[in-house]
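The primary structure of each chain is shown beneath.
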Amino acid sequence: MSSVTVRVPAKVNVQLAVGPLRDDGYHDLVNVFHAVSLFDEVVAKESEAVTVRVEGDNVEQVPLDDSNLAIQAARALAKHAGRTYGVELIIRKAIPVAGGMAGGSADAAGALVACNELWGLGLPREDLMEIAADLGSDVPFSLLGGTAVGTGRGEQLTPVPARGRFHWVFAVADGGLSTATVYGECDRLREATGEKVAWPQVSEPLLAALREGDAAGLGALLANDLQPAAVMLRRSLARTLEVGQELGALGAIVSGSGPTCAFLAAGEEQAEKLAVALMGAGVCRTAVTAYGEVPGAQIMAA
Ligand code: C5P
């Protein structure tokens, strides 16, 4: 086999409850992940060395050295197999870079699946999930896809049912936000306001709305504890969220650590109209529509 192509979805967090800061620098979470139809493509080709090339919008922000998560994924997989392998990774990005939609995690998950196939390792998904958890908190979900509750730092996943299709609009901002910086700002805001940090709990009504395919219910229950921090770091997001709501979104939320804003729409047509209106209002760099849920990392061609 000389080339493998894997498609990996973006995620939106329909609930992100951030608990106390742990000794290891992470926060205990309840993170309800939902995979949406915005895909990065990871192509793995035979090569002597491990290299990466990234194609798409705003990709100059993506590192091409060993700090690239897809390179780290390929190296971690080779190490797990106890061998030295090379691979040329080509990443075609559609997921906003540093946008709070797990784009980097998607590429790492894609690299794991693609290299597992290219190198003929035949490792089961459970092994890939373990390697994924060491690479980053969101990487296991990029492998799994669908809709799932993440606990711990987000890597311990329990799939949950979601009926039908939820239609989303994502307002992409100029530039990204660092996940670590947003969590740090969240801690700073909590300390400044003396907020008592509760142990994170999953919202049962939100799980019911997902299970019943109730978009209006889900829209009203979207919740993200990182939102105040993301808005503090990027004040313009407050206006983006407000405009989306005024334009009739069923719910408006910062996606993960931002700065992408996610809007839930009643249907496909409403989502298309909302995207056009958000762009017209000049409150984002661009707006794209997508639906969820979709599966995690999948081999498209080998
Ligand atoms: O796991 P990942 O490397 O993607 O996390 C990036 C950063 O986000 C961490 O270094 C940490 O600052 C923050 N984070 C956190 N709690 C989590 C997940 C991430 O504080 N549960």
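These numbers were taken from a predicted model, which means no experiment stands behind them.

Peer 1: A description of the layout of surface pockets should follow, citing residues and the corresponding values.
Peer 2: Of the pockets and cavities examined, the largest pocket occupies roughly 990 Å³. Forming the walls of the largest pocket are 42 residues, and the residues nearest its centre are Leu69, Gly104, Ser105, Asp138 and Thr179. Elements supplying a minimum of two residues to the lining of the largest pocket: strand S1 (3–21), strand S2 (27–45), helix H1 (69–81), strand S4 (87–93), helix H2 (103–118) and helix H5 (179–193). With four residues, H2 is the single largest residue contributor to the lining of the largest pocket. Counting contributing residues, the lining of the largest pocket receives three or more from each of domain 1 (3–160 + 294–301) and domain 2 (166–291).

Peer 1: Describe the packing of H1 against H2, and please don't skip the residues or the numbers.
Peer 2: Helix-helix packing: each pair is described by the crossing angle between the helix axes and the interaxial distance. Contact geometry for H1 and H2: axes closest at 8 Å, N-to-C directions at 35°. Here the hand of the crossing between H1 and H2 comes out right-handed. Here H1 contributes Leu69, Ala70, Ala73, Ala74 and Leu77 to the contact with H2, which in turn contributes Gly104, Ser105, Asp107, Ala108, Ala111, Leu112, Cys115 and Asn116. Residue composition of the contact of H1 with H2, by class: nine nonpolar, three polar and one charged.

Peer 1: Can you explain the state of the cysteines? Please cite residues and give values.
Peer 2: Evaluated as defined, the whole model comprises zero disulfides. Free of any disulfide, cysteine 261 has its nearest neighbouring cysteine sulfur in cysteine 284, separated by 8.6 Å.

Peer 1: Kindly report on the site of the ligand, identifying the contributing residues and their values.
Peer 2: Lining the immediate surroundings of the ligand are Gly25, Tyr26, His27, Leu29, Gly136, Ser137, Arg153, Thr179, Ala180 and Tyr183. Taking histidine 27, its side chain carries an N or O atom lying 2.6 Å from an oxygen atom of the ligand. With respect to the ligand, the backbone of arginine 153 contributes an N or O atom lying 3.0 Å from a nitrogen atom. Protein coverage of the free-state accessible area of the ligand, which is 450 Å², stands at 75%. If you map the ligand onto the pockets, it falls in the largest pocket. When contributions to the shell around the ligand are tallied by element, the ones reaching two or more residues are S2 and H5. It is H5 that contributes the most residues to the shell around the ligand, three residues altogether. Taken together, the residues that form the shell around the ligand break down as four nonpolar, five polar and one charged. Shared between two domains, the shell around the ligand holds at least three residues of each, these being domain 1 (3–160 + 294–301) and domain 2 (166–291).

Peer 1: Any details on the nonpolar core? Residues and values, ideally.
Peer 2: In this structure, Val87, Leu89, Trp119, Trp168, Leu210 and Leu218 are the most contacted members of the largest nonpolar core, which totals 66 residues. Looking at this core, the element that brings in the most residues is H2, giving nine residues. In this structure, leucine 89 is in contact with Val42, Val43, Ala44, Thr51, Val52, Arg53, Ala70, Ile71, Ala74, Ala111 and Cys115, ignoring residues within four places of it in sequence.

Peer 1: Outline the domain arrangement of the protein chain, listing residues and values.
Peer 2: Here the protein chain is partitioned into domain 1 (3–160 + 294–301) and domain 2 (166–291). For domain 1 and domain 2, the distance between their C-alpha centres works out to 22 Å. Between domain 1 and domain 2, roughly 2700 Å² of surface is buried when both sides are summed, and carbon and sulfur atoms account for 63% of that area. If you sort the residues of domain 1 by the area they bury against domain 2, Val14, Leu16 and Val18 come out on top, with a joint share of 20%. If you look at where domain 1 meets domain 2, you find one salt bridge. The salt bridge involving aspartate 57 is made with arginine 285; its shortest N-O contact spans 3.1 Å. Where domain 1 packs against domain 2, one counts 17 residue pairs in polar contact (both at pLDDT 80 or more).

Peer 1: For H1, give the residues involved together with the corresponding values.
Peer 2: The terminal C-alpha atoms of H1 lie 18 Å apart, and with 13 residues this matches the ideal 18 Å at 1.5 Å per residue to within 8%. Inspection of H1 places Ala70, Ile71, Ala73, Ala74, Leu77 and Ala78 among the buried residues, and these make up the whole buried set. Seen from one end, H1 has its buried residues packed into an arc of 160°, which puts them on one side. Its side-chain oxygen at 2.8 Å from the backbone nitrogen of alanine 70, asparagine 68 defines the N-terminal cap of H1. Just downstream of H1, glycine 82 is the residue with a positive phi angle, here 70°.

Peer 1: Residues and numbers for the packing of aromatic side chains, please.
Peer 2: Considering all chains together, one arrives at three aromatic pairs under this definition. Aromatic pair tryptophan 168 and phenylalanine 170: ring centres 6.1 Å apart, planes at 15°, arrangement stacked. With relative accessibility at 0%, the residue tryptophan 168 sits in the buried group. Among the residues examined, phenylalanine 170 registers a relative accessible area of 0% and is labelled buried. Between the NZ or CZ atom of arginine 153 and the centre of the ring of tyrosine 26, over which it lies, the distance is 5.0 Å.

Peer 1: Report on the pattern of salt bridges, specifying residues and quantitative values.
Peer 2: Taken as a whole, this structure holds 17 salt bridges when the rule is applied. The structure contains a network of salt bridges with shared partners spanning Glu41, Arg53, Glu55, Glu88 and Arg92.

Basis of the calculations
- Residues numbered from 1 in each chain as written.
- Predicted model: local features only at pLDDT ≥ 70, side-chain atom pairs only at ≥ 80, totals over all residues.
- Heavy atoms only, no water.
- 1 Å grid on protein atoms, 1.4 Å probe; cavity = no way out; pocket = protein on both sides within 12 Å on 5 of 7 lines; lining within 4 Å.
- Points joined across faces, edges and corners; volume = space filled by probe spheres on them.
- Helix = DSSP H or I, 4+ residues; strand = E, 2+ residues; numbered from the N terminus.
- Domains from an automatic or database assignment.
- Axes fitted to C-alpha atoms, helices over the stretch in contact; angles between N-to-C directions.
- Left-handed = near helix turned anticlockwise from the far one by under 90°.
- Contact = heavy atoms within 4.5 Å.
- Nonpolar A, V, L, I, M, F, W, Y, C, P; charged D, E, K, R; others polar.
- Disulfide = S-S within 2.5 Å.
- Near = heavy atom within 4 Å.
- Polar contact = N/O pair within 3.5 Å; in protein donor to acceptor, adjacent residues only side chain to side chain.
- Areas by Shrake-Rupley, 256 points an atom, 1.4 Å probe, with all protein chains shown as cover.
- Sits in = over half its atoms within 2 Å of the grid points.
- Core = buried A, V, L, I, M, F, W, Y, C linked by side-chain atoms within 4.5 Å.
- Buried < 20%, exposed > 50% of the residue type's maximum accessible area, 1.4 Å probe, protein only.
- Buried area = accessible area lost by both parts, 1.4 Å probe.
- Salt bridge = Lys/Arg side-chain N within 4 Å of Asp/Glu carboxyl O.
- Expected span 1.5 Å × (residues − 1).
- Arc of directions from axis to C-beta.
- Phe/Tyr/Trp six-rings, centres within 6.5 Å; stacked < 30°, edge-to-face > 60°.
- Lys NZ or Arg CZ within 6 Å of the ring centre and 35° of its normal.

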